[in-house]
Every structure is written in C-alpha cells, then in structure tokens.
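Close look at the chain arrangement
Each chain, letter by letter, is given below.
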Amino acid sequence: MSEENINPEVQEEQAAIQPENTQEAPQEASFADKSLSELSDVFKNLMDSADRMLRSKEAESIKSAFYKLLGKLRSEAGEVEDSFADVEENFKSLYADYKRERAEYNKEQDALKEENLEKKKAIIEELKALIDGSDDVSASFPAFRDIQDRWRATGPVPATAFRDINSTYQFNVERFYDKVKINRELRDLDFQKNLEAKEKFCEAAEKLSENENIVNAFNELQKLHEQWKEFGPVAKDFRESIWARFQAATAVINKRYQAHFEELKGKQKENLAAKEALCVKVEEIAAREIKSSDEWNSSAKEIEAIQADWRKIGFATKKENQKIYDRFRAACDAFYARKRDYYSQFRGEMEANVEKKMGLIKAAEELKSSTEWKKATEKFIELQKQWKEIGAVPRKKSEQLWKQFRAACDEFFAERDKNAAPENNYFANLKAKKKIVEDIKAYVPVEDAEANAEAAKKFAADFQAIGFVPFKEKDNIMAAYREAMQEKFPEFGAERSGRGRGESKPRERSVKDTLIQQYKTLQQEVETFENNIGFFSASKNSESLIKQMESKIAKAKEELRKLEEKIRKEEEGE
C-alpha cells in the first residue's frame, strides 16, 4: 500500500512516537547536605514505597551521593582503621536487595511484554480473518468492536516491535472500514465516538502546554499519543482538522521542551566555567608553600569554603561533568596528602620536644632542693633558656609540662629568697631597681646628645650592678626598665646593638651578598616545588598541577642562571 493511499488517520498514528521512560530522578545535588546515615534512611524509605520499581534512577542517584560522600569522609579522615565500614556494609546490603528485586521485576516485565506481543499478533490475525471472511455487517461489526477493545486492553510490547505491530494493526483497521459494507448510521456513530475521544485528547494536550513543569508535560504528552493510536478514524471531514489540532498542541510542548534543554545546556556551561574557576583556586592552594600549622589550618579552611561553593553549583555538561570533578578531586587530594605528611612529620618533632622538656623537668626537680644558691640559680637560668629554645609540643601536654617545670623553679627560688643572705637581699634589690626605673622616668633629656648618652649608660650600669630580684618579679622589673629606657633614650638600644662588638655601625651588605641571599632563597623555592610534584604524582588526574609546578621550576631555574651570572660579574669586579 503506497504512502499517498494511507488516510490521515493512519498517517497520524504512524507518526506518533512510542513514549519512553523519561523518569526524571532527583539530581545528586539534592542529597549533598545529607549524612551517610540520612542517605541510608532515604534509600530505606524508597525500598518501602509501592512504586519503588519505577524509581530506579532515584535509587542510583542516592547510591552515587552515598559513595561520593563516603570517599570524601575517608580521604579527610586519613585513618588507618576504617570507621565507616559498618555503615557501608549496611548500605551495600540494602542496595543488593533492591537490585535483586529490580532484576526480577525487569525480567517479569520483559516476559509480560513478549506475552502482550503474541496476544496482539493473534488479535491482528483475528482481524484479518474477520476482514476476509464475511461482509455481514450485523455479524462482523460487534466482533470488530470486541477486537478493538481487546487490543486497547492489551499492555505494552517490546520497544523494538512497537512501531511494526501498530502499523500492521492500523493498516488492517483501514482495510476493515474500506471493505466492510457497514451501514451509514453505525459507521457515523463509530466515527463520532472516535472524534469525541480525540477531541478530549486535544483538550488534554492543550492544557498540558500550560504546565510549568515541561518535563512532566512532555512525558504526559507521550501517553496521549499512545492512547490516540488506540482509537480508529473519524469522519473524513474532520480527519485533517482534528489531527492538525493535536499536532499544534504537540508542537507547543515540544518547542518548550527543546527550549528547556537549551536553557539547561547553557546553565551547564556556566556551571562548568564556575567549577573550572574553583579548580584553579584549589590547585593554587595545593601548590602553595606552607611552613606552619596555622598556615595549614588557614589553607584547609579555604579548601573547605571552596568545597562548599562547589556543592552549590549544579551539574556541568554530561561530557565534562566527570572530568571536572576528577580534576577538582585530584587537587583536593593533593592538598590533604601534603597536609597529612606535614602533620606526620610535625607530630614526630613535637614528641621529640616532649622528651626534651621532660628531661629539663627532671633536671629542675633534681636541682630544686640545692642550697648552693648562686650555682643553682645559674643552672636554673640556663634550664629556662633551654626551655624557651625547644619547639612546640602537643597542645594537650603543653600546659601540664609547663606547670611541672614552673613548679620546680618556683619551689627553688622561693626557698632561695627565704634564705637570702643580708648582703644579697633580693627584695632590697627589687626595691633598688624600681628606684632606678623611677629615676629614668623622671629624667629630662637635654640638648646635648652626649650628655644624654652618658646618662643612659649610667642608668644601665647602675641597673645591671644590682643583684638578683625575687624570681617571680624578674620579668616584670626588666620589662619596666626597658620601657623606661626606650621612652627616654630611644637611640641607646640601637647604638648598643650596633656596637656590641666594637663596630662603629652595622656593616652594609654588598651587592654580591644580596645576590647570594636571593640565590639561596630561590634554591629553597625550587626544592619546595620539586617536593610538591612528589605529592601530586601520587594522586589521580593531577596532570594540570604537575604541569603548573614544572613551569614554576623552569622559570625559577632560569632566574637562578641569571643570578649566577650577576654573582660572577661582581666577583670579577672585586
């Protein structure tokens, strides 16, 4: 049968598209603020729902969000022992149950569709037999109606067979109307019934065009197209107009649907650009030279803020979304790997410092009972100096260690002050030093600079000549003395620092010294960059970070070469 001989009813029904399962699942971003236990609860609720088999895309979104969060938490925890194993095992069990039930459901649906296909093939054979077997309208028309009802009642068939089976059915329906000599009254009644049904389809399609959720509207439209095919033709006078009306409503929805995805595509491009900018920020932080715990904590907060911004951004294009996530993840992993390495080394140093301070505490406690006041005092002063030179210790131990050390010092100095000889009265010394501080504050500088300098020297000599003061007061009186001297003789401290070894003024650095210092500093930077590459190479998808480091190293080495030339020229001119 040629295409031009097929009436509009057959053309419109062949042109319709079989609806697809376009279930729109919640995106992973809707689960970004949930914890692992909350995601497990969401999956349990889905498992308990009656329509769970129709929500497979939602199930996969929950699974993806769960494992992404699990990976992030494990990366940040950096623990040898996995504290998330139980919650992961529980989720795996839930998901396995769902997959088994889903597989069984799909198997049943596939079998049902194959069964429906065989039923429809049998119905078509009945229709063919009806067409070829009799021209008795009174006998054939009720049978035809029964065939139509059974056809519509039969469920879906496999998608690969849908178009062929429907085309065959519509072709034979057309044959029936062309061949069977049905009386006009019954034919017109049948046409009118079909027209009324199709007018309702048009009204429903037109109403769908007002639906704000265009994805839902498009899905409902596909159902209307499927139902449209189940009804036979209308009178020739209405065939083109009713189909044109239905097509017009369809075109409105299709246009909006296309515009929706064009807008979504534009938004995804914006999201990609925003995520690329965040990748650059994290890569800069990951490559940053960090030397202290405070800097690591500050940088970690920057990373966390960027990760929060990342979660607020929607998906990028399907082609680029995984790539940009892998790039972002690689930069974050590189940063946290360096941080873990730093703290691993830092903890070792702090534990060593604890051992050193414990040694000083032991020495102080052994010395605190000594009555050789002068000799023991000097030793305690040396112990205190060593204590200040030792680096940091773990915060939870710092206060306890200091209290132990201070207690031993206080016990000795308190006993020393009680047993002070008359010629070495510490409280009298304190009173004398306070008097000198008051004299300094009362001094009025004169115009003669040398006279002021002599006065400053005398105050300093007098202050230093006085012996020890009570241990608890030594820091306070020294601070008061320095403050008073700085206020009245601001040049005195500067002159002493420049002339402590007999120099008339600090030696100026030569050009060569400056260049050598620059060379050493740049060398340290190169070593840091090369060390960073070692961290990055252990992370997946870190090519961009490594290239960035290699570029910096190349530039730094070129600058080192130029500095070498400058240093040689300075040496030749000496």
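Here, the structure is the one placed above.
These notes cover the structure that comes with them.

The rules behind these values
- Residues numbered from 1 in each chain as written.
- Predicted model: local features only at pLDDT ≥ 70, side-chain atom pairs only at ≥ 80, totals over all residues.
- Heavy atoms only, no water.
- Helix = DSSP H or I, 4+ residues; strand = E, 2+ residues; numbered from the N terminus.
- Buried < 20%, exposed > 50% of the residue type's maximum accessible area, 1.4 Å probe, protein only.
- Contact = heavy atoms within 4.5 Å.
- Areas by Shrake-Rupley, 256 points an atom, 1.4 Å probe, with all protein chains shown as cover.
- 1 Å grid on protein atoms, 1.4 Å probe; cavity = no way out; pocket = protein on both sides within 12 Å on 5 of 7 lines; lining within 4 Å.
- Points joined across faces, edges and corners; volume = space filled by probe spheres on them.
- Nonpolar A, V, L, I, M, F, W, Y, C, P; charged D, E, K, R; others polar.
- Salt bridge = Lys/Arg side-chain N within 4 Å of Asp/Glu carboxyl O.
- Phe/Tyr/Trp six-rings, centres within 6.5 Å; stacked < 30°, edge-to-face > 60°.
- Lys NZ or Arg CZ within 6 Å of the ring centre and 35° of its normal.
- Core = buried A, V, L, I, M, F, W, Y, C linked by side-chain atoms within 4.5 Å.
- Axes fitted to C-alpha atoms, helices over the stretch in contact; angles between N-to-C directions.
- Parallel < 35°, antiparallel > 145°, perpendicular 65-115°, else oblique.
- Left-handed = near helix turned anticlockwise from the far one by under 90°.
- Polar contact = N/O pair within 3.5 Å; in protein donor to acceptor, adjacent residues only side chain to side chain.
- Patch = residues over 30% accessible without salt bridge, like charges linked within 9 Å, V, L, I, M, F, W, Y side chains within 5 Å.
- Lys, Arg positive; Asp, Glu negative; His and termini not counted.
- Charge placed at Lys NZ, Arg CZ, Asp CG, Glu CD.
- Expected span 1.5 Å × (residues − 1).
- Arc of directions from axis to C-beta.

1. Side note on the overall build of the protein
Summing up its helical and strand segments, the protein has 19 helices and zero strands in all. For the protein, the proportion of its 574 residues judged to be buried stands at 37%. Within the protein, residue pairs in contact and separated by at least 24 positions form 79% of the contacts whose partners lie at least 6 positions apart. Looking at the protein as shown, the accessible area adds up to about 34800 Å², and 50% of this sits on carbon and sulfur atoms.

2. Comments concerning empty space enclosed by the protein
Inspection of every chain in the model, using the stated rule, returns two cavities of 30 Å³ or more. Computed from the structure, the second largest cavity encloses a volume of approximately 60 Å³. Lining the second largest cavity, in full, are Arg145, Gln148, Asp149, Arg152, Asp190, Lys193, Asn194, Phe231 and Gly232. Breaking the lining of the second largest cavity down by element, the ones donating at least two residues are helix 5 (137-153) and helix 7 (184-208). Ranked by residue count, the leading element in the lining of the second largest cavity is helix 5, at four residues. Of the residues belonging to the lining of the second largest cavity, the class tally is one nonpolar, three polar and five charged.

3. What to know about the pattern of salt bridges
Side-chain pairs of opposite charge can arise whenever the charged atoms involved come near each other. Evaluated as defined, the whole model comprises 28 salt bridges. Of the charged contacts, one joins Glu88 and Arg74 as a salt bridge, the two residues approaching to 2.5 Å between their closest N and O atoms. Pair noted here: Glu88 is in helix 4 (residues 85-133) and Arg74 is in helix 3 (residues 56-77), with a separation of 14 residues, a long-range link. For Glu88, a relative accessible area of 13% puts it in the buried group. Take Arg74: its relative accessible area is 30%, and that puts it in the partly exposed class. Here Glu302 and Arg288 are joined by a salt bridge, their closest N and O atoms 3.1 Å apart. With Glu302 in helix 10 (residues 293-312) and Arg288 in the loop between helix 9 (236-287) and helix 10, this residue pair connects regions lying 14 residues apart in the sequence. Classification of Arg288 by relative accessible area gives partly exposed; the value is 23%. Ionic contacts of the salt-bridge type, sharing partners, join the residues Asp51, Arg55 and Glu58 into one network.

4. Remarks on the packing of aromatic side chains
Note on aromatic pairs: each is described by the distance of the centres and the angle between the planes. As enumerated under the stated definition, the model contains 28 aromatic pairs in all. Judged by centre distance (6.0 Å) and plane angle (50 degrees), the ring pair of Phe43 and Tyr95 falls under tilted. Here the residue Phe43 occupies a position in helix 2 (residues 36-48), and Tyr95 occupies one in helix 4, the gap between them amounting to 52 residues. Tyr95 gets classed as buried once you look at its relative accessible area, which sits at 12%. Considering the side-chain rings of Phe201 and Phe231, the 5.8 Å spacing of their centres and the 65 degrees angle between planes classify their relative orientation as edge-to-face. Of this pair, Phe201 sits in helix 7 while Phe231 is found in the loop between helix 8 (214-229) and helix 9, placing the two residues 30 residues apart along the sequence. Ring pairing ties together the aromatic residues Phe43, Phe66, Tyr67, Phe91, Tyr95 and Tyr98, which thus form one cluster. Its end group placed over the ring of Tyr325, Lys68 keeps NZ or CZ at 5.0 Å from the ring centre.

5. Points about the side chain of Arg329
With respect to the element layout, Arg329 can be found in helix 11 (residues 318-367). By relative accessible area, Arg329 is classed as buried at 19%. If we ignore the near neighbours within four places in the chain, the residues touching Arg329 are Gly71, Lys72 and Ser75.

6. A word on the nonpolar core
Membership of the largest hydrophobic core comes to 23 residues, with the highest contact counts inside it found for Val282, Ile303, Phe328 and Phe335. Contributing elements (two or more residues each) for this core: helix 9, helix 10 and helix 11. It is helix 11 that contributes the most residues to this core, nine residues altogether. What Ile303 contacts, discounting residues up to four positions off in sequence, is Val282, Ile285, Cys332, Phe335 and Tyr336. Residues Phe201, Phe218, Trp228 and Ile253 belong to the second largest nonpolar core, which totals 21 residues.

7. With respect to the packing of helix 3 against helix 4
Contact geometry of helix 3 with helix 4 gives a least axis separation of 12 Å together with a crossing angle of 160 degrees. With respect to their mutual orientation, helix 3 and helix 4 come out roughly antiparallel. As for how helix 3 packs across helix 4, the hand of that crossing is left-handed. Residue-level contacts link Ser56, Ala59, Glu60, Ile62, Lys63, Phe66, Tyr67, Leu70 and Arg74 of helix 3 to Ala85, Val87, Glu88, Phe91, Lys92, Tyr95, Tyr98, Lys99 and Arg102 of helix 4. When its residues are assigned to classes, the contact of helix 3 with helix 4 shows 10 nonpolar, one polar and seven charged.

8. Details of the environment of Arg55
Its place among the elements puts Arg55 in the loop between helix 2 and helix 3. With 47 residues separating them in the primary sequence, Arg55 and Arg102 have C-alpha atoms 10.0 Å apart. Polar contacts involving the side chain of Arg55 include one to the side chain of Glu58, which spans 2.9 Å.

9. Regarding a negative patch on the surface
The grouping of Glu447, Asp448, Glu450 and Glu454 at the surface amounts to a negative patch. Examined against the element boundaries, Glu450 turns out to sit in helix 15 (residues 449-465). According to the relative accessible area criterion, Glu450 is exposed, its value standing at 63%.

10. Looking at the packing of helix 9 against helix 10
Two numbers describe how helix 9 lies on helix 10: the axes approach to 10 Å, and their chain directions differ by 170 degrees. Here helix 9 lies roughly antiparallel to helix 10, going by the angle between them. Handedness of the helix 9/helix 10 crossing: left-handed. Listed contacts from helix 10 to Lys275, Leu278, Cys279, Lys281, Val282 and Ile285 of helix 9 are Ser299, Glu302, Ile303, Ile306, Asp309 and Trp310. The class makeup of the residues in the contact of helix 9 with helix 10 is seven nonpolar, one polar and four charged.

11. Focus on helix 14 (residues 426-442)
An ideal rise of 1.5 Å per residue puts 24 Å on 17 residues; helix 14 measures up with 24 Å between its terminal C-alpha atoms. Burial in helix 14 covers these residues: Tyr426, Asn429, Leu430, Lys433, Ile436, Val437 and Ile440. For helix 14, the buried positions fall inside an angular range of 120 degrees around the axis, keeping them on one side. Of the residues in helix 14, the exposed ones pointing more than 90 degrees away from the buried face are Phe427, Lys431 and Ala442. For helix 14, the elements touching its buried residues are helix 13 (395-418), helix 15 and helix 16 (474-488).

That is the geometry; function is a separate question.
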